[in-house]
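# Chain and residue survey
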Amino acid sequence: MQGERDGWTILTVSGEMDLVTAPAVRQHVHDAVADGRRSVVLDLAGVHFCDSSGVGVLIAARRLMRSCAGQLRLILPKDSPSEGVSHVNRVLAALGVRRLFEVFPDLAAATDDAAGPLSA
(Lines give C-alpha, C1' and ligand atoms only; values in the text may rest on other atoms or scores of the structure.)
Protein backbone atom coordinates (compact mmCIF):
# COMPACT_ATOMS: atom_id res chain seq x y z
CA MET A 1 0.00 0.00 0.00
CA GLN A 2 2.99 2.36 0.42
CA GLY A 3 5.82 3.39 -1.85
CA GLU A 4 8.15 6.28 -2.60
CA ARG A 5 8.76 8.33 -5.73
CA ASP A 6 10.71 11.55 -6.16
CA GLY A 7 10.35 12.48 -2.50
CA TRP A 8 6.63 11.68 -2.40
CA THR A 9 5.10 8.98 -0.24
CA ILE A 10 2.60 7.04 -2.32
CA LEU A 11 -0.33 5.39 -0.53
CA THR A 12 -2.35 3.20 -2.88
CA VAL A 13 -5.97 2.53 -2.02
CA SER A 14 -8.17 0.11 -3.96
CA GLY A 15 -11.59 -1.43 -3.67
CA GLU A 16 -13.89 0.40 -1.31
CA MET A 17 -13.38 3.38 0.99
CA ASP A 18 -16.18 2.96 3.47
CA LEU A 19 -16.91 2.66 7.18
CA VAL A 20 -14.93 -0.59 7.35
CA THR A 21 -11.84 0.38 5.33
CA ALA A 22 -11.57 4.15 5.89
CA PRO A 23 -9.90 3.85 9.34
CA ALA A 24 -7.00 1.91 7.79
CA VAL A 25 -6.48 4.64 5.19
CA ARG A 26 -6.58 7.28 7.94
CA GLN A 27 -3.98 5.32 9.93
CA HIS A 28 -1.62 5.02 6.95
CA VAL A 29 -1.74 8.80 6.44
CA HIS A 30 -1.12 9.41 10.14
CA ASP A 31 1.77 6.93 10.12
CA ALA A 32 3.35 8.66 7.14
CA VAL A 33 3.15 12.04 8.91
CA ALA A 34 4.48 10.52 12.16
CA ASP A 35 7.45 9.21 10.14
CA GLY A 36 8.19 12.78 9.03
CA ARG A 37 6.75 12.55 5.56
CA ARG A 38 5.22 15.82 4.37
CA SER A 39 4.49 15.04 0.71
CA VAL A 40 1.79 12.39 0.34
CA VAL A 41 -0.03 11.09 -2.72
CA LEU A 42 -3.18 9.03 -2.25
CA ASP A 43 -3.58 6.87 -5.35
CA LEU A 44 -7.34 6.36 -5.57
CA ALA A 45 -7.44 5.10 -9.17
CA GLY A 46 -8.43 1.62 -7.95
CA VAL A 47 -11.24 2.79 -5.66
CA HIS A 48 -14.62 1.81 -7.09
CA PHE A 49 -16.77 2.87 -4.11
CA CYS A 50 -16.46 5.72 -1.63
CA ASP A 51 -19.03 6.68 1.00
CA SER A 52 -19.12 9.54 3.50
CA SER A 53 -16.57 7.77 5.71
CA GLY A 54 -14.09 7.74 2.85
CA VAL A 55 -14.75 11.39 2.06
CA GLY A 56 -14.26 12.19 5.74
CA VAL A 57 -10.87 10.50 5.68
CA LEU A 58 -9.83 12.51 2.63
CA ILE A 59 -10.87 15.78 4.24
CA ALA A 60 -9.13 14.83 7.51
CA ALA A 61 -5.98 13.89 5.57
CA ARG A 62 -6.04 17.26 3.82
CA ARG A 63 -6.44 19.04 7.14
CA LEU A 64 -3.59 17.03 8.71
CA MET A 65 -1.21 17.69 5.85
CA ARG A 66 -2.00 21.41 5.88
CA SER A 67 -1.47 21.58 9.66
CA CYS A 68 2.09 20.27 9.30
CA ALA A 69 2.88 22.40 6.21
CA GLY A 70 2.67 19.27 4.05
CA GLN A 71 1.17 18.50 0.67
CA LEU A 72 -1.57 16.06 -0.23
CA ARG A 73 -2.32 15.03 -3.79
CA LEU A 74 -4.95 12.62 -5.07
CA ILE A 75 -4.73 10.41 -8.13
CA LEU A 76 -8.05 9.99 -9.85
CA PRO A 77 -8.20 8.81 -13.47
CA LYS A 78 -9.16 11.34 -16.09
CA ASP A 79 -12.76 11.27 -17.22
CA SER A 80 -13.14 9.47 -20.51
CA PRO A 81 -16.10 8.65 -22.75
CA SER A 82 -15.39 4.93 -22.45
CA GLU A 83 -14.87 4.81 -18.67
CA GLY A 84 -16.93 7.80 -17.54
CA VAL A 85 -16.19 9.78 -14.41
CA SER A 86 -14.43 7.98 -11.57
CA HIS A 87 -16.70 7.17 -8.64
CA VAL A 88 -14.59 9.11 -6.13
CA ASN A 89 -14.53 12.15 -8.43
CA ARG A 90 -18.34 12.00 -8.71
CA VAL A 91 -18.79 11.74 -4.94
CA LEU A 92 -16.39 14.60 -4.20
CA ALA A 93 -18.06 16.79 -6.83
CA ALA A 94 -21.57 15.96 -5.60
CA LEU A 95 -20.60 16.96 -2.06
CA GLY A 96 -18.98 20.17 -3.29
CA VAL A 97 -15.54 19.31 -1.91
CA ARG A 98 -13.70 18.31 -5.10
CA ARG A 99 -12.17 21.80 -5.36
CA LEU A 100 -10.42 21.31 -2.01
CA PHE A 101 -8.05 18.72 -3.45
CA GLU A 102 -5.16 18.73 -5.89
CA VAL A 103 -6.15 15.93 -8.28
CA PHE A 104 -3.86 14.38 -10.86
CA PRO A 105 -4.59 11.78 -13.57
CA ASP A 106 -1.69 9.44 -12.80
CA LEU A 107 1.37 8.84 -10.63
CA ALA A 108 3.80 10.54 -13.00
CA ALA A 109 1.83 13.80 -12.92
CA ALA A 110 1.18 13.63 -9.17
CA THR A 111 4.87 13.35 -8.35
CA ASP A 112 6.01 15.96 -10.87
CA ASP A 113 6.30 19.31 -9.12
CA ALA A 114 6.03 21.08 -12.47
CA ALA A 115 2.68 19.45 -13.36
CA GLY A 116 -0.53 21.25 -12.55
CA PRO A 117 -3.59 19.55 -11.05
CA LEU A 118 -6.70 18.77 -13.06
CA SER A 119 -9.39 21.42 -12.86
CA ALA A 120 -12.30 20.80 -10.52
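Predicted model only: the values in this text are computed from it and were never measured. (Residues numbered from 1 in each chain as written. Predicted model: local features only at pLDDT ≥ 70, side-chain atom pairs only at ≥ 80, totals over all residues. Heavy atoms only, no water.)

### What about the overall build of the chain?
Check the secondary structure of the chain and you find four helices and five strands. Helices and strands appear in the chain in the N-to-C order β-β-α-β-α-β-α-β-α. Relative to the 2.2 N^0.38 estimate, which gives 14 Å for 120 residues, the radius of gyration of the chain is 13 Å and therefore close to what a compact globule would have. Along the first, second and third principal axes, the C-alpha atoms of the chain reach 40 × 35 × 25 Å. Expressed as a percentage of its 120 residues, the buried residues of the chain come to 41%. Taking all contacts inside the chain whose residues are at least 6 apart in sequence as the whole, residues at least 24 apart take part in 73%. For the chain, the exposed surface amounts to about 6,200 Å²; the carbon and sulfur share of it is 51%. Between the mean site of the 12 positive side-chain charges and the mean site of the 14 negative ones, the chain shows a separation of 8 Å. (Helix = DSSP H or I, 4+ residues; strand = E, 2+ residues; numbered from the N terminus. Rg over C-alpha atoms; globule rule 2.2 N^0.38 Å. Buried < 20%, exposed > 50% of the residue type's maximum accessible area, 1.4 Å probe, protein only. Contact = heavy atoms within 4.5 Å. Areas by Shrake-Rupley, 256 points an atom, 1.4 Å probe, with all protein chains shown as cover. Lys, Arg positive; Asp, Glu negative; His and termini not counted. Charge placed at Lys NZ, Arg CZ, Asp CG, Glu CD.)

### Side note on the sheet that holds strand 4 (residues 71-75)
With respect to topology, five strands assemble into an open sheet ordered 1-2-3-4-5, the strand pairing being mixed. If you trace the sheet from one side to the other, it starts and ends with strand 1 (2-5) and strand 5 (102-104), each paired once. Between one strand and the next, the sheet's axes are offset by a mean angle of 30 degrees, whatever the strand orientation. With eight bridges connecting them, strand 2 (residues 8-17) and strand 3 (residues 39-50) associate as parallel partners. Of the residues in strand 3, the one forming a bridge with Thr9 is Val40. Against the sheet, helix 1 (residues 22-34) touches strand 2 and strand 3, its axis set at about 175 degrees to strand 2. (Pairing = 2+ DSSP bridges. Axes fitted to C-alpha atoms, helices over the stretch in contact; angles between N-to-C directions.)

### Some details on the pairing of strand 1
Working note: regular strand, side chains alternate between the two faces of the sheet. Bridge analysis of strand 1 against strand 2 gives four bridges, and the strand direction is antiparallel. If you follow Glu4 over to strand 2, its bridge partner there is Thr9. In textbook terms, the turn of a hairpin is the stretch between consecutive antiparallel strands, and for strand 1 and strand 2 this stretch comprises two residues, one of which, Asp6, has a positive phi near 50 degrees.

### Digging into the side chain of Asp18
Residue position: Asp18 is located in the loop between strand 2 and helix 1. Setting aside residues no more than four positions away along its own chain, Asp18 makes contact with Pro23, Phe49, Asp51 and Ser53.

### Side note on the pattern of salt bridges
Taken as a whole and assessed by the stated rule, the structure comprises four salt bridges. We note a salt bridge from Arg37 to Glu4, for which the minimum N-O separation is 3.1 Å. Of this pair, Arg37 sits in the loop between helix 1 and strand 3 while Glu4 sits in strand 1; the two residues are 33 residues apart in sequence, bridging distant segments of the chain. The partner of Asp113 in a salt bridge is Arg73, with the nearest N and O atoms 4.0 Å apart. With Asp113 in the segment after helix 4 (107-110) and Arg73 in strand 4, this residue pair connects regions lying 40 residues apart in the sequence. Relative accessible area serves as the criterion here: at 5%, Arg73 is assigned to the buried category. One connected set of salt bridges, linked through shared partners, spans Arg73, Glu102 and Asp113. (Salt bridge = Lys/Arg side-chain N within 4 Å of Asp/Glu carboxyl O.)

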